[in-house]
Amino acid sequence: MSHSSDQLNALIPRLETFLGKLTARAREVAAEAAAAFAEMQASGDKDTRVAAHTLQAGVTSQITGLANKGREVFEQQFKVFETIDDPATEAAYERLEEWFETWEDSLEAIAEEAFAAPEANHDQAIWEQAVAEWRAIRLTCSQCGAPVPVPYLYPVAVYLACQGCGSRATFTPSSTMVAATRATARRRPDDPWVAGPAHIGN
């Protein structure tokens, strides 16, 4: 093993310790923000939800700053080894650079995961509340009093035919039902919570 590769390897534990501290800080920041974000997202107030996304942007920027600190230290301590004409050093540097880039990706994932779960949980809660309201609908015909089925969770007001007399009854969705259509538009393909009889109507 060459002298330069020995020098490189000797510096790695210090880098690992430093990046470990940055990772711990990123997780701490994300955890604190995620709790506040979830509460803000659960609010029906538009301004509060806007503030939640402002919080998300700020925390993401903060975690990106931590990643940039790691990159700065990496380049200060190890960039010099990139141009050394020695096979052992070249191989060691390439392994270290790949490991460091994986660490950068992990910090990005911390930021993404902190806000992905609350958003998904909020969407599911909105959908389930909308379905509960849909199941509780008791629409009746204003002409004959017969019940008028509401076969779908419609996102807009619609006319539905009375099966008794043929008159039309108006169904108007609640604000929760309207919000549910936006929630389902954001859902992932593997989300199971939109399955069931309460399909979105056309």
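Coordinates for the structure precede this section.
Fair warning: this is a prediction, and the values are worked out from it, not measured in the lab.

The helix and strand tally for the chain stands at four helices and two strands. Across the 202 residues in the chain, those meeting the buried criterion constitute 35%. Looking at the chain alone, contacts between residues at least 24 apart form 62% of all its contacts between residues at least 6 apart. Here the chain displays about 11,900 Å² of accessible surface, and carbon together with sulfur accounts for 52% of that area.

Side chains of strand β1 (residues 158-161) alternate between two faces, with Val158 and Leu160 buried and Tyr159 and Ala161 left unburied. Bridge count for β1 against strand β2 (residues 168-171) is four bridges, and the pairing is antiparallel. Note on β2: the bridge partner recorded for valine 158 is phenylalanine 171.

Time to look at a negative patch on the surface. Taken together, the side chains of Glu98, Glu101, Asp105, Glu108, Glu112 and Glu113 define an acidic patch exposed on the protein surface. In this structure, glutamate 101 sits in helix α3 (residues 87-135).

Residue position: threonine 23 is located in helix α1 (residues 3-42). A polar atom in the side chain of threonine 23 sits 2.8 Å from the side chain of tryptophan 103. Leaving out residues up to four positions away in the same chain, threonine 23 has contacts with Trp103, Leu107 and Ile110.

With respect to the helices and strands, aspartate 86 occurs in the loop between α2 (46-78) and α3. There is no salt bridge for the buried aspartate 86, and the closest opposite charge comes from arginine 95, which lies 9.7 Å off by N-O distance. Excluding its chain neighbours within four sequence positions, the residues that come into contact with aspartate 86 are Ser2 and Ser4.

Opposite charge on two side chains permits them to pair, given that their charged atoms come into close proximity. By the definition in use, this model includes four salt bridges. In this structure, glutamate 82 and lysine 79 form a salt bridge, with 3.2 Å as the shortest nitrogen-oxygen distance. Assessed through its relative accessible area of 33%, lysine 79 is described here as partly exposed. Beyond isolated ion pairs, a larger network of salt bridges with shared partners links Arg71, Glu75 and Glu104.

Take the packing of aromatic side chains next. Throughout the structure, instances matching the rule amount to seven aromatic pairs. Aromatic pair phenylalanine 74 and phenylalanine 78: ring centres 5.7 Å apart, planes at 25°, arrangement stacked. Here phenylalanine 74 pairs with phenylalanine 78, and both are found in helix α2, just four residues apart, close to one helical turn. The pair formed by phenylalanine 74 and phenylalanine 78 is uniform in burial state, with each residue classed as buried. Their ring planes at 55° and their centres at 6.1 Å tell us that tyrosine 154 and phenylalanine 171 sit as a pair that is tilted. One end of the pair, tyrosine 154, is in the loop between α3 and β1; the other, phenylalanine 171, is in strand β2, and 17 residues separate them in sequence. Per residue, the accessibility class of tyrosine 154 equals that of phenylalanine 171, and both read buried. The ring centre of tyrosine 159 lies 4.1 Å from the NZ or CZ of arginine 168, which sits over that ring.

Quick notes on the rules
- Residues numbered from 1 in each chain as written.
- Predicted model: local features only at pLDDT ≥ 70, side-chain atom pairs only at ≥ 80, totals over all residues.
- Heavy atoms only, no water.
- Helix = DSSP H or I, 4+ residues; strand = E, 2+ residues; numbered from the N terminus.
- Buried < 20%, exposed > 50% of the residue type's maximum accessible area, 1.4 Å probe, protein only.
- Contact = heavy atoms within 4.5 Å.
- Areas by Shrake-Rupley, 256 points an atom, 1.4 Å probe, with all protein chains shown as cover.
- Pairing = 2+ DSSP bridges.
- Patch = residues over 30% accessible without salt bridge, like charges linked within 9 Å, V, L, I, M, F, W, Y side chains within 5 Å.
- Salt bridge = Lys/Arg side-chain N within 4 Å of Asp/Glu carboxyl O.
- Lys, Arg positive; Asp, Glu negative; His and termini not counted.
- Charge placed at Lys NZ, Arg CZ, Asp CG, Glu CD.
- Polar contact = N/O pair within 3.5 Å; in protein donor to acceptor, adjacent residues only side chain to side chain.
- Phe/Tyr/Trp six-rings, centres within 6.5 Å; stacked < 30°, edge-to-face > 60°.
- Lys NZ or Arg CZ within 6 Å of the ring centre and 35° of its normal.

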